[in-house]
Amino acid sequence: MLYSEQTLRYYENLKNIGELDDGLPNVGTGIVGSPLCGDVMKLQLFFGEDDRILDAKYKVFGCVSAIASMELATTLLKGKTIPEALNITNERVAEELRLSDIKKHCSVLAKEAIEAAINNYFNKTKDETKMITITPRATEKLMGLMRAQNAIGILITVESGGCSGIRYSLSYEMEHSDGQKEFSCGSIKFFYDPNDEAVIDGLDIDLVEHDFGQGFSVTNKRHTSCQHCSCGCKTI
């Protein structure tokens, strides 16, 4: 099988193969793939105090494309915040390596390994009691709005956008849906997609005044590059 020049360049210049100590609380480990399909990837990420990725190591049981995909992914990951890391797509990996259609699954595994390693790190370090904080004035306002709408809680959704690559939105939740996770903050129940948990951890919700009245500021200092911008402000 012929491999692209870009794939061979990464394969022949391996710099990030290795292992980190999984016992450390600031190391996240993700293992994806299966020997039955021919490719298994192990990715480990070392996080600094600001949740920025300081180092990335990997091991691969697989083909040239699988190894090159992880070499590229780990190169891209170094220095990234969690939102920036999650915004690395398998399409980007496949395009930069010029992977053929039958080898694009290697880029998909690389993306899954990134998500698995970040979620592992998050599960090691998260503090359920501090996942979401909300000010008293925001609590009072949300409770009043929920009563008026007969809502059971507030749904938090995560979208691409804003200066950090992440934008948060609040909406009414009328009934609990299968697959959702729930977090109670005082008298308010928040619902969210479990896949978004790593970037929801650390949310601060406040009620703010602006030119058009009041709105809710939803920010996450743990996962934003500019801590004082207005990204994420939504009114419900």
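What you see is a predicted model, and the numbers here were worked out from it, not measured in a lab.

Basis of the calculations
- Residues numbered from 1 in each chain as written.
- Predicted model: local features only at pLDDT ≥ 70, side-chain atom pairs only at ≥ 80, totals over all residues.
- Heavy atoms only, no water.
- Phe/Tyr/Trp six-rings, centres within 6.5 Å; stacked < 30°, edge-to-face > 60°.
- Helix = DSSP H or I, 4+ residues; strand = E, 2+ residues; numbered from the N terminus.
- Buried < 20%, exposed > 50% of the residue type's maximum accessible area, 1.4 Å probe, protein only.
- Pairing = 2+ DSSP bridges.
- Salt bridge = Lys/Arg side-chain N within 4 Å of Asp/Glu carboxyl O.
- Axes fitted to C-alpha atoms, helices over the stretch in contact; angles between N-to-C directions.
- Contact = heavy atoms within 4.5 Å.

**Side note on the packing of aromatic side chains**
Where two aromatic rings form a pair, the distance of their centres and the angle of their planes describe that pair. Counted under the stated rule, the structure contains 1 aromatic pair. A ring pair is formed by F47 and Y121, whose centres lie 3.9 Å apart and whose planes are at 10 degrees; its orientation type is stacked. Of the two residues, F47 sits in strand β2 (residues 39-47) while Y121 sits in helix α5 (residues 104-125), which places them 74 residues apart along the sequence. Just as F47 is buried, Y121 falls in that class too.

**Re the pairing of β2**
Burial runs high along β2: 7 of the 9 residues are buried. Where strand β1 (residues 27-34) meets β2, 8 bridges bridge the pair, whose relative direction is antiparallel. Looking at the pairing, S34 lines up with D39 of β2. Hairpin connection from β2 to strand β3 (residues 53-61): 5 residues lie between these consecutive antiparallel strands, with D51 at a positive phi of about 65 degrees.

**Some details on the pattern of salt bridges**
Under the definition given, this model contains 12 salt bridges. We note a salt bridge from K59 to E19, for which the minimum N-O separation is 3.2 Å. Taken as a pair, K59 in strand β3 and E19 in the loop between α1 (5-11) and β1 lie far apart in primary sequence, 40 residues in all. Among the residues examined, K59 registers a relative accessible area of 41% and is labelled partly exposed. With a closest N to O distance of 3.0 Å, R92 and E96 form a salt bridge.

**Notes on the sheet that holds β3**
Spatially, the 3 strands line up as an open sheet ordered β1-β2-β3, and their pairing is antiparallel. Either end of the sheet is taken by a strand with one partner, and the two such strands are β1 and β3. Here the average twist between neighbouring strands, direction ignored, is 15 degrees. Packing of helix α2 (residues 64-77) onto the sheet brings it into contact with β2 and β3, and relative to β3 it is tilted by some 175 degrees.

**Brief notes about the sheet that holds strand β9 (residues 203-210)**
Across the sheet, 3 strands lie side by side as β4-β9-β10; this open sheet has mixed pairing. Sheet topology places β4 (132-134) and β10 (213-219) at the edges, where each strand pairs with a single neighbour. Strand-to-strand twist of the sheet, defined as the mean angle between neighbouring strand axes without regard to direction, takes the value 25 degrees. Pairing analysis gives 7 bridges linking β9 to β10, with the strands arranged antiparallel. Note on β10: the bridge partner recorded for I205 is V218.

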